[in-house]
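The lines below spell out each chain.
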Amino acid sequence: MKKALFLGALLAATPLTAQAADSSTPLRFVLIPKVVHPWFDKLNTGAHAAADMIAKTTGQKIEIEYRAPQTADVSSQNDIIERAIATHPDGLILDLLDEKGNRATMDEAIEQKIPMTVFDSLPPEGMNITAVGADFCEQGTIAAERLATLIGKKGEVAIMMGVPTAPNHTLRAECEKKVFAKYPDIKVVATGIDNDSIETGQKQASAIMQAHPNLAGWVACDASGPVGIGQAIRESGKAGKVQEVGLDNLNDMLQLIKDGVAESTASSRPEMQGYWAVVSAWQSAMGQKTPKYIDTGIDVITKKSL
């Protein structure tokens, strides 16, 4: 009901000339995430749900082209963005790997007058682009505070950094460190880098736990890291001894909570991010001004809530 009312308000605010556009010609949006990843599969599901909703409500067909880099590499992502720009889509929906590294290709899109929306990220400084996502600092803070409570606010902890250049991963890490800095008996003894790979996260977590046998707990900055951490905890026989609070709602992460390997996770609602990113992109394509930020909120998921 709320979505229907919100959509009605959007349509009422949309100029008549835009509403009268030829709906028989589909609007085409290119959705480019950080990497091939199950988190982005969930987001893509939400994006297609929004496309279906717009088509049913307005008659305007929406095409979503999903183009994901095979690895979390900014040059590969920029190449995909440049090739998308060459096809002159009605909008780009981007998750930035590197605010500075992505800027030149985004400037190119602006020169070509192609509207952009970013999700699970923040736009480069000075760019007036709608961002869709959770409060990344709040998400990291929730995870770190839960871990601090679990370990009695004392002991050695580690942080899995994700992709260090990614704006959202960096911000989560900074806010997690601020939480731990409040507690004099908590010490951050290691930081891993998983580059949004579960396998890399597992290897990093195993090596760090071997180097720090007294490690009390883990937090992460992306969706892959906590799954890799949980696998490493399980394989080392340290479930219940080394605590973990994860991020996001990958099926593997939820299973780790069910199995008692991880205590909880703070999810940034990927399906909702995909949904509202497409709604924002559609409004931009119709010539409508869009909000600076759409906050999709955070779900704290525990074994009790599953």
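Just so we're clear, the structure is a prediction, and the values are computed from it rather than from any experiment.

Participant: How would you summarise the overall build of the protein chain if you had to cite specific residues and measurements?
Facilitator: Counting its regular elements, the protein chain contains eleven helices and twelve strands. For 306 residues, the compact-globule formula gives about 19 Å, and the C-alpha radius of gyration of the protein chain, at 20 Å, lands near that figure. Counting only C-alpha atoms, the protein chain reaches 65 × 40 × 30 Å along its principal axes. Going through the 306 residues of the protein chain one by one, you find that 53% of them count as buried. Long-range contacts, defined as pairs at least 24 residues apart, comprise 74% of the intrachain contacts of the protein chain with a sequence gap of at least 6. Only carbon and sulfur atoms are counted for the fraction: they give 52% of the accessible area of the protein chain, which is about 13400 Å². Each charge class in the protein chain can be summarised by its mean position, and for the 30 positive and 37 negative side chains these summaries are 6 Å apart.

Participant: Run through the packing of aromatic side chains, naming residues and quoting values.
Facilitator: The description of an aromatic ring pair uses the distance of the two centres, along with the angle that the planes make with each other. A full pass over the atoms with the stated rule returns three aromatic pairs. Between W39 and F40, the ring centres sit 5.1 Å apart and the planes meet at 85°, which makes this aromatic pair edge-to-face. Assessed through its relative accessible area of 2%, F40 is described here as buried. Their ring planes at 65° and their centres at 5.4 Å tell us that Y275 and W276 sit as a pair that is edge-to-face. Within the aromatic cluster, the residues linked to one another by ring pairs are W39, F40 and F119.

Participant: Which residues make up the pattern of salt bridges, and what values go with them?
Facilitator: If you walk through the whole model with that rule in mind, you get twelve salt bridges. Put simply, K34 and D95 hold a salt bridge, and the shortest N to O gap is 2.7 Å. A residue pair is termed long-range when its members are at least 10 positions apart, and K34 in the loop between strand 1 (27-32) and helix 3 (38-58) and D95 in the loop between strand 3 (91-94) and helix 5 (103-111) qualify at 61 residues. Like D95, K34 is buried. Connected through shared salt-bridge partners, K34, D95, D120 and R172 make up one network.

Participant: An account of the packing of helix 6 (residues 136-150) against helix 7 (residues 167-181) is needed here, citing residue identities and associated values.
Facilitator: Viewed as axis vectors pointing N to C, helix 6 and helix 7 meet at an angle of 40°, and their least axial separation amounts to 8 Å. Taken together, the axis directions place helix 6 and helix 7 in an arrangement best described as oblique. Crossing handedness for the pair helix 6 and helix 7: right-handed. Every residue of helix 7 that contacts helix 6 at F136, C137, Q139, G140, T141, A144, E145 and L147 is listed here: N168, L171, R172, C175, E176, V179 and F180.

Participant: Please set out the side chain of N249 residue by residue, giving values where relevant.
Facilitator: With respect to the secondary-structure elements, N249 resides in the loop between strand 9 (243-247) and helix 10 (251-258). Leaving out residues up to four positions away in the same chain, N249 has contacts with K42, L254, S267, P270, E271 and I301.

Participant: Which residues make up the layout of surface pockets, and what are the values?
Facilitator: When its volume is computed, the largest pocket comes out at roughly 360 Å³. What lines the largest pocket is a set of 16 residues, and nearest its centre among them are P115, M116, N128, I129 and S284. Residue composition of the lining of the largest pocket, grouped by class: seven nonpolar, six polar and three charged.

Here is what the cut-offs are and how they apply
All residue numbers refer to position in the chain's written sequence, counted from 1. A pLDDT threshold of at least 70 governs which residues receive local features in this predicted model, and a stricter bar of 80 or more applies before side-chain atom pairs are shown or counted, although totals over entire chains, interfaces and linings include all residues. By convention in this description, side-chain values take in all heavy atoms of the structure and omit both hydrogens and water. A run of H or I in DSSP becomes a helix once it reaches four residues, and a run of E becomes a strand once it reaches two; helices and strands are each numbered from the N terminus. Within these notes, the globule rule equals 2.2 Å times the number of residues to the 0.38 power, and the radius of gyration is based on C-alpha atoms. Any residue under 20% of the maximum accessible area for its type is buried, any over 50% is exposed, and the rest in between are partly exposed; the area is computed with a 1.4 Å probe on protein chains only. Note on definitions: a residue-residue contact is assigned when non-hydrogen atoms from the two residues lie within 4.5 Å. Per-residue and other accessible areas were derived by the Shrake-Rupley procedure at a 1.4 Å probe size, with only the shown protein chains allowed to occlude residues. When charges are counted, neither His nor the chain ends are considered; positive counts come from Lys and Arg and negative counts from Asp and Glu. Taken as the charge location is NZ of Lys, CZ of Arg, CG of Asp or CD of Glu. Here is the rule: rings of Phe, Tyr and Trp (six-membered ring for Trp) pair when centre to centre is within 6.5 Å. Planes less than 30 degrees apart are stacked, more than 60 are edge-to-face, and the remainder are tilted. In the sections that follow, a salt bridge refers to a side-chain nitrogen of Lys or Arg positioned within 4 Å of a carboxyl oxygen of Asp or Glu. With axes taken as lines fitted to C-alpha atoms, and helix axes fitted only over the stretch in contact, angles between N-to-C directions fall between 0 and 180 degrees. Note on terminology: angles under 35 degrees are roughly parallel, angles over 145 are roughly antiparallel, angles of 65 to 115 are roughly perpendicular, and the others are oblique. Each helix crossing is assigned a hand: it is left-handed if the near helix lies turned anticlockwise from the far helix by less than a right angle, otherwise right-handed if that turn is clockwise. The rule is simple: put a 1 Å grid over the protein atoms alone, call a set of points where a 1.4 Å probe fits but cannot get out a cavity, call an open set with protein on both sides within 12 Å along at least five of seven lines a pocket, and count a residue as lining if it has an atom within 4 Å of a point. Grid points are joined across faces, edges and corners, and a volume is the space filled by probe spheres set on the points. All amino acids are sorted into three groups, where Ala, Val, Leu, Ile, Met, Phe, Trp, Tyr, Cys and Pro are nonpolar, Asp, Glu, Lys and Arg are charged, and the leftover types, Gly among them, are polar.

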